[in-house]
Structure formats: structure tokens, C-alpha cells
Amino acid sequence: MNKFGTLLKIEGKLVWKGLDILIFGILMPIILAALFGYVMSKDASSNGASMFEYSFPAVTTIGILATGVMGVPLTIADYRHRGILKRFQVTPISPLQIILAQVVIQLSSALVSFFGVTLVYSILFGYEMRGSWGLFLLAYSLVLAAMYSIGIFIGSVVPDQKSANLWSSIVYFSMLLFSGATIPYEIMPIFIQKIMNLLPLAQGIHLMKQVSIGEPFQDVVLAIIVMGVCIVVGLFGAKKYFKWK
Amino acid sequence: MLLSVKNLSVTYNGKHAVRNLTFSVQKGEVFGLLGANGAGKSSSIGAILGIEKSTSDELLVLGQSPIIDRKKVFEQVGVQFQETNFPDKMTVEEACNQWHALYVKPQSIEPLLSTFGLLDKQKQLIKSLSGGEKQRLAVLLALLPNPQLVFLDELTTGLDTMARKMLWKQLLIMKEKGLSIVLTSHYMDEVEALCDHLLILKNGETMIYGTIDEVVKASGQPHLEAAYLHFSGEEELI
């Protein structure tokens, strides 16, 4: 097996033995999917889509958040904190390979959770997407890339475990609660919605919602730009400010 | 020349941790960097490896910069840090396999495990190993890349007499085959058994640099232990 394959296999084993990835990355999103699918109103609102339909894209992002902005940065920060990155620094491996291995591992969990959530919504509650699945998957990938870029940036630059916990938690919980991933955006007062719009994931979820109900493209240009900025700034910043120790 | 250091200085918050360190290491040579705790040994090694920020007139590891040519240099350089940490759930076997995969032409794992008495520990979690076993694993991983040059920071601290002797024997065999070693140690018997040249640091300054005979002679003391205490300033504490 090649260098990256072996790294991936061993790091993957270590992460999956930790159970956090299973609980927060897979079980929690699927349980929330069952809950939301059950409680959300199936009645169409003014613009034709029901709360239930709107909630599907939102719930698929819970797994992205747990793996991307918690899983990735916490593992990397833990390795930095304990001098494991310092040991890697005196080997031929590149930071990119270390980060990429963690990204692929967390991604595997995010994708399992995506399938789980989708199965729960469609089999248990008869969800049918009005928009195109192809476009939706594209939007999902873009949001995923943006959230992972934020996570990679946090993991690359935080000096220690404490600040990794702090920053990951701030980003994770603010977006979990206030971007519409769990508490529906639509039930918030208008002025809170305006504040929520500042969170990148709120834009991402807006993009996925619009695509999922087949709304026209011009409504989502801003959201696409925000996702792009997250990716560029996150990855560029991570490359420039990556710390081994 | 495998390692060349000229006027290397390390500064923390305006205070010199190491000042104007100069030495070189040839192929097959064992070089000992000695000094009391806090004399600047680990800072020097960190700077030479490119981990600590430093200034120098020349810093060449295998003829290349350890910072600019990091990947090329560390293909052929092994490092054992004073403290080695592993992920909690990692086994001995996983640590070896992972390290093995990082290099283009590493040594085989099994003979090394057998040499270091870890063959029957492969499936164990590293955190369940004893201090001595962990130390042996750290040295093993440093030698795994089949390096031309290896850095060993306090290589036998925490080892019992037999394990130390075994390790010395192993290192001398590899030295015969052309391995160069930079080590730090608090044990003068170890230094006498292994080192061709040594350099003693005190508060980051070089007190003396030479062969064991030269160092003993310059100190006016009867043997290396006394010469070391003389130059390192530990004498005053006794």
C-alpha cells in the first residue's frame, strides 16, 4: 500500500475507535432527521414548499458540521498539542497529506450520515425532492467544501487544544443553532434572520433549500459566492499559517 | 560532511538559549551534545532540525537546508525526541507500520522489533508500555527510515542497564556501517562508549568541543565525569 493509503488506514482506525465520529457524525443527524421528519408540518406555506420539505437540506448539514468543523480541527489540534505533528515535521510527510487523511476519514462519516438522513426522510416520511437531485448534490458538495475549509483553517492555526475546543465549539454551535440546521430559519423573527444571514452555513442551507425545491438560480448567487469565499480564504489561510507545534 | 553548523543562535524573548554554536559531524561519527538541564541541548537540536527558529551562518543537514529541503532531508534523517507521544489508541504495530510507510527505503520492521525486544508487544497499545519500552520504541522509529544521520535526545533515559548496553551495541553496529549519530546524554559512561567528539554547553555557550581525550586533557581532571562537571558548571553544585 502507498504512503497515503497506509496513513489513511491507520489514522482512520484511530478516529473510528474514538466513537465521537459515530455519535456526532452519524447517529445524531439520523436521530434528528427522524425527529424533524416527524414534527415538521407537511402543509405547504405561502411560497409553495412545506416546512418538512425545507427541513431536509437543513438536516443533511448537521453531519457536515459535526465532522467538518469539529472532527477535523479537533484531531489536528490534538496532534499538535501532544507533539505528534512535531514528530511528523521531521519526516518526509507534508501537512497536506496529514490534513487530507483526516478530511477523508471525517468525510466518510458525513456521507454515511447523508445517506442515513436521506433514507429516513424518504422511506419513513415519503420525502420527494421537487428540484433536481444532481443540482442538490452539487450544492451539498459546495456547502461541505466550505464548512470543511473553515474546519481545516481552525485546525491549522490554533495554538493549542483549548483554543481548538473554543473556536470549534463557537463555530459549531452557532451554526448548528442559528443557521437553520436544527431550529428552522423560517420560524425566526425577521431581524434575527438578518443576523443569521451572516453565518456562512445559513447561506449554504439557503442555497440547498432553493435548489431542493427547484427555485430559479438568481436567488442563490450570493450564497454561492459566500461558499466560494469560505473555501478560498479557509484553504489559503490554512496553507499560509499552518503550525506544526 | 553530514552535518555542518556554523554560529547557530537561538533566542527566546530576547534571551539567548544558544549562542554561536559551531560543529560538524562526519559520516560514521558519533557526536555528543552535553550540558546540564536547561543548557540549550534540546533548543540546539530543535534549531538544527528546523523546528525552532534560529539564526546561523550555515546550517546544512546532509548538505541541504532542513527548512527549505525538509522533505528530502528527513527522508534520510531519523529523530528521537526527549518526549515522544502517540495517539491514545495506537498500537506498537500501527506506529511501526505508519512510520514505515512514510519513507521510500525504510528498514524492515520485524528485525528491529526483535533487536529492541518489542516483538511480543506488537498488538499492545503504546500507552500500556513501560517507560523503557516506550523509549526503545522511540529509538526504533528513529532508526526505521534507515537514516544516514540520526538524532537521539536522551536516548537511554529511563532504560535499565541491560537495555542500555543492548542499545549501545546496536548503535555501534550501525555506526560501523556508516551511520552518523548526534546524541545528548547525562551519562558519561554512555558518552565514553559511543562518542567520537563531544561539545559541552553551559547557558547556551560552548565551553569546549573536541574528542574525549582532548576534553579530559583541557579540563586538567583525571577522567571524563570530572571533566564534564568542570565544564558544565555542575561542579559548583556538588
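Refer to the preceding data block for the structure.
Residues numbered from 1 in each chain as written. Chains lettered and ligands numbered in written order. Predicted model: local features only at pLDDT ≥ 70, side-chain atom pairs only at ≥ 80, totals over all residues. Heavy atoms only, no water.

Would you mind going over the pattern of salt bridges with me for this structure?
Here the idea is simple: oppositely charged side chains can pair when their charged atoms come close. Inspection of every chain in the model, using the stated rule, returns 14 salt bridges over all chains. The shortest N-O distance in the salt bridge between Glu94(B) and Lys13(A) comes to 3.5 Å. Here Glu94(B), found in helix 3 (residues 92–102), pairs with Lys13(A), found in helix 1 (residues 3–17), and the two come from separate chains. By relative accessible area, Glu94(B) is classed as buried at 6%. Glu52(B) serves as the salt-bridge partner of Lys245(A), at 3.3 Å between the closest nitrogen and oxygen. With one member in each of two chains, Lys245(A) in the segment after helix 10 (221–241) and Glu52(B) in the loop between helix 1 (41–48) and strand 4 (58–61) form a pair that bridges those chains. For Lys245(A), a relative accessible area of 44% puts it in the partly exposed group. Taken together, the salt bridges that share partners define one network made up of Lys13(A), Lys17(A) and Glu94(B). (Salt bridge = Lys/Arg side-chain N within 4 Å of Asp/Glu carboxyl O. Helix = DSSP H or I, 4+ residues; strand = E, 2+ residues; numbered from the N terminus. Buried < 20%, exposed > 50% of the residue type's maximum accessible area, 1.4 Å probe, protein only.)

In this structure, what is going on with the sheet that holds strand 6 (residues 149–153) of chain B? I would like to understand it.
Sheet strands pair via backbone hydrogen bonds, and the direction of the pair is either parallel or antiparallel. All names here are of chain B. Strands sit in the order 5-6-7-3-8-9 across an open sheet of six strands; the sheet is mixed. Each edge of the open sheet is held by one strand with a lone partner, namely strand 5 (77–80) and strand 9 (205–211). Averaged over all pairs of adjacent strands, the angle between their axes in this sheet comes to 15 degrees, without regard to strand direction. Pairing geometry for strand 6 and strand 7 (residues 180–184), over five bridges, is parallel. Bridge pairing in strand 7 places Asp 153 opposite Thr 184. Contacting strand 3 (30–35), strand 6, strand 7 and strand 8 (197–202), helix 1 runs over the sheet at an angle of about 135 degrees to strand 3. Each of strand 5 and strand 6 touches helix 5 (residues 131–143); the most contacted strand, strand 5, lies at about 165 degrees to it. (Pairing = 2+ DSSP bridges. Axes fitted to C-alpha atoms, helices over the stretch in contact; angles between N-to-C directions. Contact = heavy atoms within 4.5 Å.)

Is there a simple way to think about the interface of chain B and chain A in this case?
Frequently, the measure chosen for interface size is the accessible area removed from exposure when the parts meet. Taken together, the contact between chain B and chain A spans 26 residues of the former and 24 residues of the latter. Taken together, the links from chain B to chain A amount to four salt bridges. The closest approach of N and O atoms between Lys17(A) and Glu94(B), which form a salt bridge, is 3.8 Å. Linking chain B to chain A there are 12 residue pairs in polar contact (both at pLDDT 80 or more). At six residues, the largest contribution of residues to the side of chain B that touches chain A is made by helix 3 of chain B. (Polar contact = N/O pair within 3.5 Å; in protein donor to acceptor, adjacent residues only side chain to side chain.)

Whenever I open this one, empty space enclosed by the protein confuses me. Can you help?
Empty pockets left among the atoms are what a rolling probe the size of a water molecule brings to light. This structure, assessed with the given rule, holds two cavities of 30 Å³ or more. If you add up the space inside the largest cavity, you get close to 110 Å³. As for the largest cavity, its lining consists of 13 residues, of which Arg87(A), Val79(B), Gln80(B), Trp99(B) and Leu141(B) are closest to the centre. Secondary-structure elements contributing two or more residues to the lining of the largest cavity are strand 5 and helix 5 of chain B. Its volume calculated, the second largest cavity comes out at about 60 Å³. Lining the second largest cavity are 13 residues, with Ser55(A), Ala58(A), Gly180(A), Thr182(A) and Pro184(A) sitting closest to its centre. It is helix 3 (residues 51–81) of chain A that contributes the most residues to the lining of the second largest cavity, five residues altogether. Here the lining of the second largest cavity is built from residues that sort into eight nonpolar, three polar and two charged. (1 Å grid on protein atoms, 1.4 Å probe; cavity = no way out; pocket = protein on both sides within 12 Å on 5 of 7 lines; lining within 4 Å. Points joined across faces, edges and corners; volume = space filled by probe spheres on them. Nonpolar A, V, L, I, M, F, W, Y, C, P; charged D, E, K, R; others polar.)

What's the story with the side chain of Gln135(B) in this structure? I'm lost.
Here Gln135(B) shows up in helix 5. Residues within four places of Gln135(B) in sequence aside, it is in contact with Gln80(B), Glu154(B), Leu155(B), Thr156(B), Thr157(B) and Leu159(B).

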